[in-house]
Amino acid sequence: MSDDSLSSHLHEMDLSPAAEFTAQANGTAQMYDDAEADHEGFWAAQARERLTWATDFEQTLDWSGAPFAKWYVGGTLNVAYNCVDRHVEAGHGDRVAIHFEGERGDTRTITYADLQKEVAKAANALESLGVSTGDRVAIYMPMIPETVFTMLACARIGAPHSVIFGGFSAEALHTRIADAEARVVVTTDGQWRRGKAAPLKAAVVAAIAHDDSPVEKVLVVKRTDSEVEWDDQRDVWWHDLVEAQSDTHEARPMDSEHPLFILYTSGTTGKPKGIFHTTGGYLTHAAYTNAVVHDLHPETDVYWCTADVGWVTGHSYIVYGPLANGATQVLYEGTPDSPHQGRWWEIVEKYKVSILYTAPTAIRTFMKWGADIPAKSDLSSIRVLGSVGEPINPEAWLWYRKHIGGDRAPIVDTWWQTETGAIMISPLPGVTTLEPGSAQRPIPGISAEILDDDGQPFTEPEKVGYLVLTKPWPGMLRGIWGDPDRYRETYWSRFGPKYYFAGDGAKYDAKGNIWLLGRVDDVMNVSGHRLSTAEIESALVSHPSVAEAAVVGAADETTGQAVCAFVILRGEAVDHGEETVQELRNHVAQEIGPIAKPRQIMIVPELPKTRSGKIMRRLLKDVAENREVGDVTTLADSSVMSLIQQGMSADSAD
Ligand code: WTA
């Protein structure tokens, strides 16, 4: 669709909420006013309404140690009790919590009563390995029920978990395990990927081979029945240890501010940040948003969030939010094209999924595969669609609405971050008149503004500025694990201590909707995954042939951005063309993981630098995106860009 026909198409559409949807919606227009009138009162009510507290809190928010917040001070609760036991106690033990769909077609139905037993056994097992309240547990697992059991078991005993995405390499795993000083790692022998067993435990073994590894025990689920290297002293099979445990376990209440989990994310420097979240505030925010933004009705909905539990979306919207709300959900192990490109839509039809939450990169991939594929399945059960992870372009929005949402389901474009814990900016279905491509406005209880370069707020339409959050919120990160200064510096200094700087560019449109415009720092967003340019650069320069490297995120039709690297080889290194490039790509996969593999590596004689030695990534981005190179006057040596471009055209002539 050309831009013109797209905008006229948009113009004709009525995207105001349908009356029947509004009549049953959990979110209401009143909530905006209530939260505006009494911010803390609003959040206190959410916490008391949605969660079961062992001890009620005395103070809703203590911001006296800003930017370190304390929410629900004096309150105690157990997260696993809230996500599991209380639903059984309320008579919902027979309700399905998880419809597990294995990639190879194996399935498992887990009710809340089953979940209670599984979590109790896993909690007993962790305790038998010496894990106690406050100890960190690393989880390196695929999308299987045991991953959810393990996370909840950790929450139950107050041992903060650190889930590390299965696509990260042994090296990345090692740095994350070491930073959190995890004593126990839970993993599997392998994971199913497009019909093949890919090893997982092998990376754990390599990660903990480092001398300084804090790991004492490795608990291993058998998933693929693959050969694994085994150490009798250190390694324990899940089926031996967990299955032998009692299926009851007492859930002790934790302080509202007890650490719940650490989740590593990329920042602007090479070292990943351990974002940490605590108990009461995080769970309140996750449960509230899942109820009002996804409009979850646990008695009738079948919910499916397609994220991996290795990312924050999986934490908040597979594990904590939906389970706190007593949802029935689908957990799918595999990839969308295994065994064929209609797999997701068959799953929707099979389980009658009514709420689907996914990422723009997936939607664009389905667009590429063609609308006739979802058309083969009955998707009429769908009533709410969600999008997360990156801006959704209006074309993808319209395709999603039409071909998946039957031109009827509201789409919630949800902006948030690992750091924010849960959804911050999004329409409310049944309340908001939708605007394709825009996340629209902060949800009730959240306040945001857009600032100019001087830190002045503005509301002028179409002017581009920086998104900031202006009031503390319950799900906010409580810091960076072990690095309070970096927390202050990264989020609370760019515009002074009153504003949380999100790192995203944003603008308003004439209707007052917020449009998120991508990162303004050196963080890339590839298929909705956050990657740091500095982290990939340092992986490249750790290769013996590389002298210098610069990485940029170049626009990509499907993945949003793609990693492009410019590399200067060391004097003694020989450039073997494609072979060298492949070797460097594999090196990045080994250092970080396959998700960080550059799409393109260009071997160049020089890099464009300012007189103070700063690499001008803007110019490299122009090259990577095949644009005319912008202003080069601040370069120390203005001939560098023509050298790079000459080199590139010589390459393409090869
Ligand atoms: C981007 C994922 C536009 C943004 C939950 C943010 C989005 C980063 C959206 C956080 C959206 C996420 N529209 N951009 N709806 N959702 N982002 O920590 O740049 O993996 O800062 O959390 O993703 O990524 P993270």
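Residues numbered from 1 in each chain as written. Predicted model: local features only at pLDDT ≥ 70, side-chain atom pairs only at ≥ 80, totals over all residues. Heavy atoms only, no water.

A closer look at the overall build of the protein
Item 1. On a plain count of helices and strands, the protein comes out with 21 helices and 30 strands.
Item 2. Expressed as lengths along the three principal axes of its C-alpha atoms, the size of the protein is roughly 75 × 65 × 55 Å.
Item 3. Taken across its 654 residues, the protein has 61% of its residues classed as buried.
Item 4. Residue pairs in contact within the protein that sit at least 24 positions apart in sequence constitute 70% of those at least 6 positions apart.
Item 5. One finds the centroid of the 57 positive side-chain charges in the protein at a distance of 1 Å from the centroid of its 92 negative side-chain charges. (Helix = DSSP H or I, 4+ residues; strand = E, 2+ residues; numbered from the N terminus. Buried < 20%, exposed > 50% of the residue type's maximum accessible area, 1.4 Å probe, protein only. Contact = heavy atoms within 4.5 Å. Lys, Arg positive; Asp, Glu negative; His and termini not counted. Charge placed at Lys NZ, Arg CZ, Asp CG, Glu CD.)

Considering the environment of Ile392
Item 1. With respect to the element layout, Ile392 can be found in the loop between strand 19 (384–388) and helix 16 (394–404).
Item 2. Exposure remark for Ile392: the relative accessible area of 2% places this residue in the buried category.
Item 3. The spatial distance from the C-alpha of Ile392 to the C-alpha of Ile363 is 9.0 Å, given a sequence separation of 29 residues.
Item 4. Not counting the four nearest positions on each side in its chain, Ile392 is found in contact with Pro360, Ile363, Ser387, Trp397, Tyr400, Asp413 and Gly437.

Re helix 18 (residues 533–541)
Item 1. Most of helix 18 is tucked away, with seven of its nine residues classed as buried.
Item 2. All of the buried residues along helix 18 are Thr533, Ala534, Glu535, Ile536, Glu537, Ala539 and Leu540.
Item 3. Near the N-terminus of helix 18, the side chain that reaches the backbone nitrogen of Ala534, with its oxygen 3.2 Å away, is that of Ser532. (Polar contact = N/O pair within 3.5 Å; in protein donor to acceptor, adjacent residues only side chain to side chain.)

Observations regarding the nonpolar core
Item 1. Of all hydrophobic cores here, the largest spans 113 residues; its most connected members are Leu115, Leu152 and Tyr320.
Item 2. When residues of this core are assigned to their parent elements, the largest contribution, eight residues, is made by helix 7 (residues 145–157).
Item 3. Ignoring any residue separated from it by four or fewer positions in sequence, one finds Leu115 in contact with Val84, Ala97, Ile110, Phe149, Leu152 and Leu323.
Item 4. Core analysis: the next-biggest nonpolar cluster, separate from the first, contains 41 residues, Phe165, Leu173, Val551 and Val581 among them. (Core = buried A, V, L, I, M, F, W, Y, C linked by side-chain atoms within 4.5 Å.)

Side note on the sheet that holds strand 15 (residues 273–278)
Item 1. In spatial order, the strands read 12-11-8-6-7-14-15-23; together these eight strands make up an open sheet with mixed pairing. Every other strand in the sheet has two partners, leaving strand 12 (235–237) and strand 23 (479–480) as the edge strands with one partner each.
Item 2. Note that strand 6 (residues 137–140) and strand 8 (residues 184–188) share four bridges and pair parallel. Bridge assignment links Tyr140 to a residue of strand 8, and that residue is Thr187. (Pairing = 2+ DSSP bridges.)

Regarding the site of the ligand
Item 1. As a structural note, the neighbourhood of the ligand is formed by 17 residues, with Asp413, Thr418, Asp504, Arg519 and Arg530 the closest of them.
Item 2. A distance of 3.5 Å separates a nitrogen atom of the ligand from a polar backbone atom of Pro391.
Item 3. With respect to the ligand, the side chain of Arg530 contributes an N or O atom lying 2.7 Å from an oxygen atom.
Item 4. Protein chains bury 96% of the 520 Å² of accessible surface belonging to the ligand in isolation.
Item 5. At the level of elements, helix 12 (312–324), strand 20 (411–414) and strand 25 (514–519) are the ones that each hand at least two residues to the shell around the ligand. (Near = heavy atom within 4 Å. Areas by Shrake-Rupley, 256 points an atom, 1.4 Å probe, with all protein chains shown as cover.)

So, the sheet that holds strand 18 (residues 355–358)
Item 1. Here seven strands make up an open sheet; going across it, the order is 5-4-17-16-18-19-20 and the pairing mixed. The strands lining the two open edges of the sheet, one partner per strand, are strand 5 (107–111) and strand 20. Each adjacent strand pair in this sheet contributes to an overall mean axis angle of 15°, direction not counted.
Item 2. Here four bridges tie strand 19 to strand 20, and the two strands are oriented parallel to one another. Residue pairing across strands places Gly386 opposite Val412, the latter belonging to strand 20.
Item 3. Relative to strand 19, helix 16 is tilted by about 150°, and along the sheet it contacts strand 18, strand 19 and strand 20. (Axes fitted to C-alpha atoms, helices over the stretch in contact; angles between N-to-C directions.)

Looking at the packing of aromatic side chains
Two numbers describe a pair of aromatic rings. These are the distance of the centres and the angle of the planes.
Item 1. Scanning all chains against the criterion turns up 33 aromatic pairs.
Item 2. Ring geometry for Trp473 and Tyr500: centres 5.3 Å apart, planes at 85°, overall edge-to-face. Linking Trp473 in the loop between strand 22 (465–469) and strand 23 with Tyr500 in strand 24 (residues 500–508), this pair joins segments that are 27 residues apart in sequence. Each member of the pair Trp473 and Tyr500 is classed as buried.
Item 3. Ring geometry for Phe495 versus Phe501: centroids 5.6 Å apart, planes at 75°, classification edge-to-face. The pair Phe495 / Phe501 is uniform in exposure class, with both members buried.
Item 4. Taken together, the ring pairs in this structure connect Trp63, Phe68, Trp473, Tyr487, Tyr491, Trp492 and Tyr500 into an aromatic cluster.
Item 5. One cation-aromatic arrangement involves Arg48 over Phe57; the distance from NZ or CZ to the ring centre is 4.0 Å. (Phe/Tyr/Trp six-rings, centres within 6.5 Å; stacked < 30°, edge-to-face > 60°. Lys NZ or Arg CZ within 6 Å of the ring centre and 35° of its normal.)

A short note on the pairing of strand 29 (residues 560–569)
Item 1. Most of strand 29 is tucked away, with nine of its ten residues classed as buried.
Item 2. Of the strand pairs in this sheet, strand 28 (residues 546–556) and strand 29 are connected by ten bridges, and their pairing is antiparallel. Residue pairing in the sheet places Val551 in a bridge with Ala565 of strand 29.
Item 3. Here strand 28 hands over to strand 29 after three residues, the two strands then running antiparallel side by side.

Thoughts on the packing of helix 5 (residues 79–92) against helix 7
Two packed helices can be described by the angle between their axes and the distance between those axes.
Item 1. The contact between helix 5 and helix 7 brings their axes to 7 Å, and the two run at 120°. Relative to helix 7, the element helix 5 is oriented oblique. Across the interface between the two elements, Val79, Ala80, Tyr81, Cys83, Val84 and Asp85 of helix 5 pack against Leu152, Ala155 and Arg156 of helix 7.
Item 2. By residue class, the composition of the contact of helix 5 with helix 7 is seven nonpolar, no polar and two charged. (Parallel < 35°, antiparallel > 145°, perpendicular 65-115°, else oblique. Nonpolar A, V, L, I, M, F, W, Y, C, P; charged D, E, K, R; others polar.)

What to know about the confidence of the model for the protein
Item 1. In the predicted model, the protein carries a mean pLDDT of 94, and the fraction of residues at 70 or more is 98%.
Item 2. Within the model, pLDDT remains below 50 along residues 650–654, and this stretch shows zero contacts once partners closer than five positions in the same chain are excluded. (pLDDT = per-residue confidence, 0-100.)

Regarding unusual backbone geometry
Item 1. Here Ala66 and Pro67 are connected by a cis peptide whose omega angle stands at 5°.
Item 2. Relative to the elements of secondary structure, Pro67 occurs in the loop between strand 1 (59–62) and strand 2 (70–73).
Item 3. With a phi angle near 60°, Asp225 is a residue other than glycine that sits in the positive phi range.
Item 4. Looking at the element boundaries, Asp225 is found in the loop between strand 11 (217–221) and strand 12.
Item 5. Here the phi dihedral of Asp407 falls at roughly 60°; this positive angle occurs in a residue that is not glycine.

Describing the side chain of Arg86
Item 1. By the element assignment, Arg86 lies in helix 5.
Item 2. Here Arg86 occupies a buried position and makes no salt bridge, while the nearest side chain of opposite charge, Glu89, is found at 8.4 Å.
Item 3. At 3.1 Å, the side chain of Arg86 and the side chain of Thr52 are in polar contact.
Item 4. Those residues in contact with Arg86, other than ones at most four positions away along the chain, are Arg50, Leu51, Thr52, Tyr81 and Ala324. (Salt bridge = Lys/Arg side-chain N within 4 Å of Asp/Glu carboxyl O.)

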